[in-house]
Amino acid sequence: MTSTTLRPPAVQPPASRPGIRHRAEKLWTASPLTWFGLVLGVILSLFPFYWMIVIASRTSDAANSWPPPFLPGGKLGENIQRVLDNGDANVVKGLLNSFLVSGTITVATVFFGSLAGFAFAKLRFRGKNALLLIILASMMIPIQLGVLPLYILMAKLEWLNTMPSVTVPFLIGGFGIFMMRQYAEQAVPNELIEAARVDGCSTWRVYWHVVVPALRPAAAVLGLLTFMEQWNQFFWPFVVLADPANPTVQISLRSLNTAYFADNSQIFAGTLIATLPLFIVFVLFGRQIIGGIMEGAVKS
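Residues numbered from 1 in each chain as written. Predicted model: local features only at pLDDT ≥ 70, side-chain atom pairs only at ≥ 80, totals over all residues. Heavy atoms only, no water.

## As for the packing of aromatic side chains
Using the following cut-off: When two rings of Phe, Tyr or Trp (its six-membered ring) have centres within 6.5 Å they constitute a pair, described as stacked for plane angles under 30 degrees, edge-to-face for angles over 60, and tilted for the intermediate range. Only protein chains enter the accessibility calculation, which uses a 1.4 Å probe. A residue is then buried if its area is under 20% of the maximum for its type, exposed if over 50%, and partly exposed in between. Only DSSP runs of H or I covering at least 4 residues are called helices, and only runs of E covering at least 2 are called strands; the numbering of each starts at the N terminus.
Tallied over the full model, the rule gives 14 aromatic pairs. Between the aromatic rings of Y207 and W208, the centroid separation amounts to 6.4 Å while the plane-to-plane angle is 50°, which identifies the pairing as tilted. Residue classification places W208 among the partly exposed residues on the basis of a relative accessible area of 45%. Relative to W231, the ring of F227 lies with its centre 5.9 Å away and its plane at 20°, an arrangement referred to as stacked. Of this pair, F227 and W231 are both found in helix α11 (residues 216-231), four residues apart, which corresponds to roughly one turn of the helix. When sorted by exposure, F227 lands in the same class as W231, which is buried.

Right under this line is the structure:
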(Lines give C-alpha, C1' and ligand atoms only; values in the text may rest on other atoms or scores of the structure.)
Protein backbone atom coordinates (compact mmCIF):
# COMPACT_ATOMS: atom_id res chain seq x y z
CA MET A 1 0.00 0.00 0.00
CA THR A 2 1.52 3.24 -1.12
CA SER A 3 0.85 6.53 0.54
CA THR A 4 0.27 9.65 -1.47
CA THR A 5 1.24 13.08 -0.26
CA LEU A 6 -1.39 15.75 -0.67
CA ARG A 7 -0.02 19.02 -2.00
CA PRO A 8 -1.85 22.30 -2.09
CA PRO A 9 -2.70 23.55 -5.54
CA ALA A 10 -0.11 25.83 -7.04
CA VAL A 11 -1.06 29.49 -6.83
CA GLN A 12 0.20 31.78 -9.51
CA PRO A 13 1.75 35.02 -8.31
CA PRO A 14 -0.25 38.13 -9.14
CA ALA A 15 2.15 39.21 -11.89
CA SER A 16 1.80 35.84 -13.70
CA ARG A 17 -1.98 35.60 -13.65
CA PRO A 18 -3.37 35.88 -17.16
CA GLY A 19 -6.02 38.48 -16.35
CA ILE A 20 -3.69 40.88 -14.56
CA ARG A 21 -0.93 40.41 -17.14
CA HIS A 22 -3.40 41.06 -19.95
CA ARG A 23 -4.62 44.29 -18.33
CA ALA A 24 -1.04 45.47 -17.75
CA GLU A 25 -0.09 44.75 -21.35
CA LYS A 26 -3.21 46.54 -22.53
CA LEU A 27 -2.27 49.59 -20.42
CA TRP A 28 1.24 49.81 -21.84
CA THR A 29 0.06 49.20 -25.42
CA ALA A 30 -2.27 52.19 -25.50
CA SER A 31 -2.89 53.78 -28.87
CA PRO A 32 -0.61 56.60 -30.07
CA LEU A 33 -3.59 58.96 -30.01
CA THR A 34 -4.03 58.30 -26.27
CA TRP A 35 -0.37 59.02 -25.55
CA PHE A 36 -0.53 62.15 -27.70
CA GLY A 37 -3.52 63.42 -25.73
CA LEU A 38 -1.79 62.73 -22.40
CA VAL A 39 1.44 64.44 -23.44
CA LEU A 40 -0.49 67.42 -24.84
CA GLY A 41 -2.45 67.75 -21.60
CA VAL A 42 0.77 67.72 -19.53
CA ILE A 43 2.36 70.37 -21.77
CA LEU A 44 -0.68 72.64 -21.61
CA SER A 45 -0.83 72.27 -17.83
CA LEU A 46 2.85 73.00 -17.21
CA PHE A 47 3.38 75.73 -19.81
CA PRO A 48 1.86 78.59 -17.68
CA PHE A 49 4.27 77.76 -14.85
CA TYR A 50 7.20 77.62 -17.24
CA TRP A 51 6.19 80.94 -18.81
CA MET A 52 5.97 82.46 -15.34
CA ILE A 53 9.58 81.40 -14.65
CA VAL A 54 10.72 82.78 -18.04
CA ILE A 55 9.25 86.25 -17.47
CA ALA A 56 10.30 86.29 -13.80
CA SER A 57 13.91 85.76 -14.90
CA ARG A 58 13.98 88.59 -17.48
CA THR A 59 13.38 92.31 -17.69
CA SER A 60 9.91 93.83 -17.54
CA ASP A 61 9.57 94.41 -21.30
CA ALA A 62 10.07 90.69 -22.08
CA ALA A 63 6.37 89.97 -21.52
CA ASN A 64 5.36 92.28 -24.38
CA SER A 65 8.22 91.55 -26.80
CA TRP A 66 7.73 89.77 -30.13
CA PRO A 67 8.72 87.10 -30.75
CA PRO A 68 8.32 86.18 -27.09
CA PRO A 69 11.27 84.59 -25.27
CA PHE A 70 10.99 80.89 -24.51
CA LEU A 71 14.17 80.45 -22.46
CA PRO A 72 14.76 81.73 -18.91
CA GLY A 73 17.05 84.70 -18.43
CA GLY A 74 19.57 85.49 -15.74
CA LYS A 75 17.67 87.98 -13.58
CA LEU A 76 15.54 85.61 -11.48
CA GLY A 77 17.48 86.15 -8.26
CA GLU A 78 17.57 89.91 -8.78
CA ASN A 79 13.82 90.12 -9.43
CA ILE A 80 13.00 87.95 -6.40
CA GLN A 81 15.19 90.17 -4.22
CA ARG A 82 13.39 93.27 -5.53
CA VAL A 83 10.06 91.66 -4.60
CA LEU A 84 11.24 90.84 -1.08
CA ASP A 85 12.62 94.37 -0.62
CA ASN A 86 9.41 96.04 -1.82
CA GLY A 87 8.10 97.86 1.25
CA ASP A 88 4.67 98.52 -0.29
CA ALA A 89 3.95 94.83 -0.90
CA ASN A 90 5.27 93.30 2.37
CA VAL A 91 5.55 89.89 0.69
CA VAL A 92 7.31 88.24 3.62
CA LYS A 93 4.60 89.39 6.04
CA GLY A 94 1.95 88.27 3.54
CA LEU A 95 3.49 84.79 3.32
CA LEU A 96 3.58 84.43 7.11
CA ASN A 97 -0.02 85.64 7.46
CA SER A 98 -1.23 83.30 4.72
CA PHE A 99 0.53 80.35 6.36
CA LEU A 100 -1.12 81.19 9.67
CA VAL A 101 -4.59 81.73 8.21
CA SER A 102 -4.54 78.79 5.78
CA GLY A 103 -3.07 76.38 8.31
CA THR A 104 -5.56 77.32 11.04
CA ILE A 105 -8.55 77.07 8.70
CA THR A 106 -7.32 73.74 7.31
CA VAL A 107 -6.94 72.13 10.74
CA ALA A 108 -10.31 73.47 11.92
CA THR A 109 -12.12 72.42 8.71
CA VAL A 110 -10.78 68.87 8.87
CA PHE A 111 -11.51 68.49 12.59
CA PHE A 112 -15.01 70.00 12.66
CA GLY A 113 -15.90 68.54 9.26
CA SER A 114 -14.98 65.00 10.30
CA LEU A 115 -16.73 65.41 13.65
CA ALA A 116 -19.95 66.71 12.09
CA GLY A 117 -19.71 64.25 9.20
CA PHE A 118 -19.49 61.35 11.65
CA ALA A 119 -22.51 62.66 13.53
CA PHE A 120 -24.63 63.04 10.40
CA ALA A 121 -23.57 59.65 9.04
CA LYS A 122 -23.68 57.37 12.08
CA LEU A 123 -25.52 59.03 14.97
CA ARG A 124 -29.25 59.34 15.47
CA PHE A 125 -30.68 62.60 16.74
CA ARG A 126 -33.76 64.70 16.17
CA GLY A 127 -33.64 67.10 13.23
CA LYS A 128 -30.66 65.47 11.55
CA ASN A 129 -32.09 65.58 8.04
CA ALA A 130 -33.30 69.17 8.43
CA LEU A 131 -29.88 70.33 9.62
CA LEU A 132 -28.20 68.52 6.73
CA LEU A 133 -30.51 70.27 4.26
CA ILE A 134 -29.64 73.64 5.81
CA ILE A 135 -25.92 72.87 5.42
CA LEU A 136 -26.42 71.90 1.78
CA ALA A 137 -28.44 75.06 1.17
CA SER A 138 -25.63 77.18 2.62
CA MET A 139 -23.31 75.83 -0.07
CA MET A 140 -25.56 77.35 -2.74
CA ILE A 141 -25.27 80.91 -1.43
CA PRO A 142 -22.42 82.92 -3.01
CA ILE A 143 -20.05 84.51 -0.56
CA GLN A 144 -20.66 87.91 -2.18
CA LEU A 145 -24.22 87.96 -0.81
CA GLY A 146 -22.95 87.75 2.77
CA VAL A 147 -20.15 90.28 2.50
CA LEU A 148 -22.08 93.28 3.84
CA PRO A 149 -23.56 91.68 7.01
CA LEU A 150 -20.29 89.82 7.66
CA TYR A 151 -18.32 93.06 7.29
CA ILE A 152 -20.66 94.81 9.75
CA LEU A 153 -20.19 91.93 12.20
CA MET A 154 -16.40 92.16 11.90
CA ALA A 155 -16.60 95.92 12.51
CA LYS A 156 -18.73 95.46 15.65
CA LEU A 157 -16.24 92.88 16.93
CA GLU A 158 -13.40 95.34 16.14
CA TRP A 159 -11.67 92.70 14.03
CA LEU A 160 -11.08 94.77 10.89
CA ASN A 161 -7.46 94.76 9.69
CA THR A 162 -6.72 91.74 11.88
CA MET A 163 -6.17 88.06 11.11
CA PRO A 164 -9.29 86.81 12.99
CA SER A 165 -11.45 88.62 10.41
CA VAL A 166 -10.11 86.38 7.62
CA THR A 167 -9.86 83.24 9.76
CA VAL A 168 -12.90 82.83 12.01
CA PRO A 169 -15.65 83.06 9.31
CA PHE A 170 -14.10 80.10 7.42
CA LEU A 171 -13.24 77.70 10.23
CA ILE A 172 -15.99 75.34 9.10
CA GLY A 173 -17.80 74.97 5.80
CA GLY A 174 -20.66 72.99 4.36
CA PHE A 175 -18.50 71.28 1.75
CA GLY A 176 -16.22 69.75 4.36
CA ILE A 177 -19.15 68.43 6.41
CA PHE A 178 -20.88 66.96 3.38
CA MET A 179 -17.71 65.38 2.02
CA MET A 180 -16.80 63.72 5.33
CA ARG A 181 -20.39 62.61 5.85
CA GLN A 182 -20.48 60.87 2.46
CA TYR A 183 -17.13 59.18 3.08
CA ALA A 184 -18.07 58.08 6.61
CA GLU A 185 -21.21 56.40 5.27
CA GLN A 186 -19.07 53.94 3.30
CA ALA A 187 -15.76 53.79 5.19
CA VAL A 188 -17.03 53.29 8.75
CA PRO A 189 -19.04 50.06 9.21
CA ASN A 190 -21.87 50.13 11.72
CA GLU A 191 -20.61 46.82 13.15
CA LEU A 192 -17.31 48.45 14.05
CA ILE A 193 -19.05 51.23 15.95
CA GLU A 194 -21.31 48.72 17.73
CA ALA A 195 -18.26 46.66 18.74
CA ALA A 196 -16.64 49.77 20.19
CA ARG A 197 -19.83 50.54 22.10
CA VAL A 198 -19.83 47.02 23.54
CA ASP A 199 -16.26 47.54 24.70
CA GLY A 200 -17.43 50.58 26.66
CA CYS A 201 -16.23 53.39 24.37
CA SER A 202 -17.95 56.74 24.65
CA THR A 203 -19.02 58.69 21.55
CA TRP A 204 -15.84 60.77 21.68
CA ARG A 205 -13.61 57.68 21.94
CA VAL A 206 -15.48 56.05 19.06
CA TYR A 207 -14.82 59.14 16.98
CA TRP A 208 -11.14 59.45 17.92
CA HIS A 209 -10.10 55.77 17.84
CA VAL A 210 -12.44 54.33 15.20
CA VAL A 211 -13.73 57.08 12.91
CA VAL A 212 -10.63 59.26 12.55
CA PRO A 213 -8.35 56.43 11.26
CA ALA A 214 -11.02 55.40 8.75
CA LEU A 215 -11.51 58.98 7.53
CA ARG A 216 -7.80 59.70 7.10
CA PRO A 217 -7.79 59.49 3.25
CA ALA A 218 -10.74 61.87 2.91
CA ALA A 219 -9.29 64.16 5.59
CA ALA A 220 -6.03 64.41 3.64
CA VAL A 221 -7.85 65.39 0.45
CA LEU A 222 -10.06 67.88 2.29
CA GLY A 223 -7.04 69.40 4.01
CA LEU A 224 -5.18 69.89 0.74
CA LEU A 225 -8.18 71.43 -1.02
CA THR A 226 -8.89 73.74 1.91
CA PHE A 227 -5.29 74.91 2.19
CA MET A 228 -5.13 75.69 -1.53
CA GLU A 229 -8.45 77.51 -1.47
CA GLN A 230 -7.54 79.69 1.50
CA TRP A 231 -4.04 80.37 0.21
CA ASN A 232 -5.53 81.73 -3.03
CA GLN A 233 -8.30 83.67 -1.26
CA PHE A 234 -8.36 87.29 -2.42
CA PHE A 235 -11.84 88.81 -2.28
CA TRP A 236 -12.57 88.69 1.46
CA PRO A 237 -9.04 89.66 2.61
CA PHE A 238 -9.18 92.57 0.17
CA VAL A 239 -12.41 93.74 1.85
CA VAL A 240 -11.37 93.53 5.51
CA LEU A 241 -7.60 94.06 5.37
CA ALA A 242 -7.35 97.71 4.40
CA ASP A 243 -4.01 98.18 6.16
CA PRO A 244 -1.21 97.37 3.65
CA ALA A 245 1.17 96.67 6.53
CA ASN A 246 -0.78 93.51 7.51
CA PRO A 247 -1.68 91.70 4.26
CA THR A 248 -2.07 88.14 3.06
CA VAL A 249 0.04 86.92 0.16
CA GLN A 250 -2.64 87.66 -2.46
CA ILE A 251 -3.00 91.24 -1.22
CA SER A 252 0.79 91.56 -1.39
CA LEU A 253 0.75 90.44 -5.02
CA ARG A 254 -1.88 93.03 -5.82
CA SER A 255 0.34 95.74 -4.34
CA LEU A 256 3.04 94.86 -6.87
CA ASN A 257 0.79 96.06 -9.72
CA THR A 258 0.50 99.84 -9.36
CA ALA A 259 -1.89 102.05 -11.30
CA TYR A 260 0.88 103.92 -13.11
CA PHE A 261 3.40 101.23 -14.00
CA ALA A 262 3.26 97.43 -14.20
CA ASP A 263 6.64 95.82 -13.59
CA ASN A 264 5.90 92.46 -15.21
CA SER A 265 9.11 90.79 -14.11
CA GLN A 266 8.45 91.78 -10.48
CA ILE A 267 4.81 90.65 -10.67
CA PHE A 268 5.77 87.27 -12.12
CA ALA A 269 8.58 86.85 -9.59
CA GLY A 270 6.12 87.56 -6.78
CA THR A 271 3.66 85.08 -8.27
CA LEU A 272 6.43 82.48 -8.38
CA ILE A 273 7.19 83.07 -4.70
CA ALA A 274 3.49 82.71 -3.83
CA THR A 275 3.16 79.51 -5.88
CA LEU A 276 6.16 77.69 -4.43
CA PRO A 277 4.53 76.89 -1.04
CA LEU A 278 1.59 75.19 -2.77
CA PHE A 279 3.98 73.23 -4.96
CA ILE A 280 6.02 72.13 -1.95
CA VAL A 281 2.91 71.06 -0.03
CA PHE A 282 1.69 68.98 -2.96
CA VAL A 283 5.11 67.36 -3.50
CA LEU A 284 5.45 66.47 0.18
CA PHE A 285 1.92 65.17 0.75
CA GLY A 286 0.61 64.36 -2.73
CA ARG A 287 1.81 60.76 -2.75
CA GLN A 288 0.44 60.16 0.75
CA ILE A 289 -2.92 61.60 -0.27
CA ILE A 290 -3.13 59.51 -3.43
CA GLY A 291 -1.94 56.42 -1.57
CA GLY A 292 -4.54 57.02 1.14
CA ILE A 293 -7.29 57.33 -1.45
CA MET A 294 -6.27 54.05 -3.10
CA GLU A 295 -6.02 52.31 0.28
CA GLY A 296 -9.46 53.56 1.28
CA ALA A 297 -10.90 52.43 -2.06
CA VAL A 298 -9.46 48.92 -1.64
CA LYS A 299 -10.74 48.62 1.93
CA SER A 300 -14.22 49.78 0.98
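## Observations regarding a nonpolar patch on the surface
To be explicit about the condition: A residue counts toward a patch only above 30% relative accessible area and without a salt bridge, and it is joined to like-charged neighbours within 9 Å or, for Val, Leu, Ile, Met, Phe, Trp and Tyr, to nonpolar neighbours within 5 Å. Here the open area of atoms and residues is found with the Shrake-Rupley method and a 1.4 Å probe, where only the protein chains shown may cover a residue. By salt bridge we mean one thing: a side-chain nitrogen of Lys or Arg within 4 Å of a carboxyl oxygen of Asp or Glu.
A surface patch of nonpolar side chains, about 590 Å² in accessible area, is lined by L276, F279, I280, V283, L284 and F285. For F285, the position within the fold is in helix α14 (residues 264-299). On the accessibility criterion, F285 (40% relative accessible area) is partly exposed.

## A short note on the confidence of the model for the chain
Short version of the rule: Per-residue confidence from the predictor is reported as pLDDT, a score between 0 and 100. Note on contacts: a residue pair is in contact if any heavy atoms of the two residues lie within 4.5 Å.
The predicted model of the chain averages 82 in pLDDT, with 84% of residues at 70 or higher. The low-confidence segment residues 1-6 (pLDDT under 50) makes zero contacts with residues lying over four places distant or belonging to another chain. Below a pLDDT of 50 lies the segment residues 8-17, which in the model reaches six contacts outside its immediate sequence neighbourhood of four places, other chains included.

## Points about α11
One full turn of an α-helix is made of 3.6 residues, so residues set three or four places apart face in the same direction. Here is the rule we go by: For a helix, the expected span equals 1.5 Å multiplied by the number of residues minus one.
Across its 16 residues, α11 extends 22 Å between first and last C-alpha, which sits within 8% of the 22 Å expected from 1.5 Å per residue. For α11, every residue scored as buried is listed here: P217, A218, A219, V221, L222, G223, L224, T226, F227, Q230 and W231.

## Structural notes on the packing of helix α4 (residues 91-122) against α11
Convention followed: Angles here are taken between N-to-C directions and fall from 0 to 180 degrees, while the axes themselves are lines fitted to C-alpha atoms, restricted in helices to the stretch in contact. Handedness of a crossing follows from how the near helix is turned relative to the far one, being left-handed for an anticlockwise turn of less than a right angle and right-handed for a clockwise one. Gly is placed with the polar residues, together with every amino acid not listed as nonpolar (Ala, Val, Leu, Ile, Met, Phe, Trp, Tyr, Cys and Pro) or charged (Asp, Glu, Lys and Arg).
Where α4 meets α11, the closest approach of the two axes is 9 Å, and the angle between their N-to-C directions is 145°. Helix-helix and strand crossings are classified by hand; for α4 and α11 the assignment is right-handed. For the pair α4 and α11, contact is made by L95, S98, F99, S102, G103, I105, T106, T109 and V110 and by A219, L222, G223, T226, F227, Q230 and W231, respectively. Tallied by class, the residues present in the contact of α4 with α11 amount to eight nonpolar, eight polar and no charged.

## Brief notes about the side chain of S114
Quick reminder of the rule: Think of a polar contact as two N or O atoms within 3.5 Å of one another; within protein, one of them needs to be a possible hydrogen donor and the other a possible acceptor, and neighboring residues in sequence only count if both atoms come from side chains.
Along the chain, S114 falls in helix α4. Its relative accessible area of 6% is what places S114 among the buried residues. Side chain to side chain, S114 and Y207 meet in a polar contact 2.8 Å long. In this view, S114 contacts T109, M180, Y207 and L215; residues no more than four positions away in its chain are not counted.

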